[in-house]
Amino acid sequence: MRLIALIPARGGSKRLPGKNLLPLGGKPLIQWSIEVAQNIPNISHILVSTDNAEIAKVSADKGALVPWLRPEELSTDTASSVDVAIHAITWYENEYGPIDGVILLQPTSPLRSQDSIKEGIDLFRNSGGSAVVGVAVASTHPMWSLRVADGVLMPWISMDGLNTRSQDLPPAYEVTGSFYLINPLDLKKGKSFFPDGALPLVIANKHEAIDIDTQDDYDLAKTFLKN
């Protein structure tokens, strides 16, 4: 089985400027995602897709493959991760031949473990190539979530969840953003990393699910490492 790890790392960020190069634990944020994918069997290359020359240099220095800067049309706020991935996969397969799967490792999830990545790969292999998505137990259960309709609070789900004890609620999960693995043909066909029938990679350690998108997220990651 032949896989690549793809790290999408755009230079621009409105909520946390320059986040992919911010220092965390003594190294740039993106370095965490590069290093965790190194020396994993079946991963042929770690490919970084970026529009930023500084990110490209740091990534290449740390051992990633950075053959080009991302086209302008894939460097905007509205460019989707699917389009970015398809562009990278198409280039890679033209240069290196077909692959069985692409692992999307967002650099904003720096604390994922190598064991979790290996577990996700095993799920993919043993299922015959079904997509795998990293999830964690939901921080707020959907049966306890509310909406406002005509100025009045209403439950999002029309079940008696608000009057149910937390220990009696059915398990609920949320996407962490830390791990996606999919067959390239399925990605190109469905234009989604989350197709029907996707398998869950349940990530038990909460720190692995930290997704750095704001200053508060960044401070949380730094606090975790410090403690």
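One can find the structure itself at the top, above this paragraph.
Since we're looking at a predicted model, the values are computed, not measured.

(A) A look at helix H2 (residues 53-61). Those residues of H2 that fall on the buried side of the exposure criterion are Ile55, Ala56, Val58 and Ser59. Looking straight down H2, one finds its buried side chains confined to an arc of 170°; they lie on one side. Exposed residues lying more than 90 degrees from the buried face of H2 are Ala53, Glu54, Lys57 and Asp61. Residues of H2 that are buried in the fold lie against strand E3 (27-28), helix H1 (29-37) and strand E4 (43-49). With a side-chain oxygen lying 2.9 Å from the backbone nitrogen of Glu54, the N-terminal cap of H2 falls on Asn52. One or two residues past the end of H2 sits Gly63, with phi positive at roughly 105°.

(B) Region of interest: the side chain of Thr176. By secondary structure assignment, the location of Thr176 is in strand E9 (residues 173-182). Excluding its chain neighbours within four sequence positions, the residues that come into contact with Thr176 are Ser109, Gly134, Val135, Ala136, Ile203, Ala209 and Asp211.

(C) Region of the structure containing the pairing of strand E8 (residues 152-155). Here strand E7 (residues 146-149) runs beside E8; their pairing, made up of four bridges, is antiparallel. Across the sheet, residue Ala149 finds its bridge partner in E8, namely Val152. Counting the residues in the hairpin turn of E7 and E8 gives two residues, including Asp150, whose phi is positive at 55°.

Calculation criteria
- Numbering of residues starts from 1 in every chain and runs along the sequence as written.
- Side-chain atom pairs in this predicted model are given and counted only at pLDDT of 80 or more, local residue features only at pLDDT of at least 70, and totals for whole chains, interfaces and linings cover all residues.
- For the side-chain quantities, the full set of heavy atoms in the structure was used; hydrogens and water were omitted.
- Buried means the residue's accessible area, taken with a 1.4 Å probe over protein chains only, is under 20% of the maximum for its type, while exposed means over 50%, and partly exposed covers the values in between.
- Numbered from the N terminus, helices here are DSSP runs of H or I no shorter than four residues, and strands are runs of E no shorter than two.
- Summarising the geometry, the arc corresponds to the directions from the helix axis toward the C-beta atoms.
- For this analysis, residues touch if any pair of their heavy atoms sits within 4.5 Å.
- Polar contacts, as used here, are pairs of N or O atoms within 3.5 Å; protein pairs need one atom able to donate a hydrogen and one able to accept it. Residues neighboring in sequence count only if both atoms are side-chain atoms.
- For two strands to pair, DSSP has to find at least two bridges joining them.

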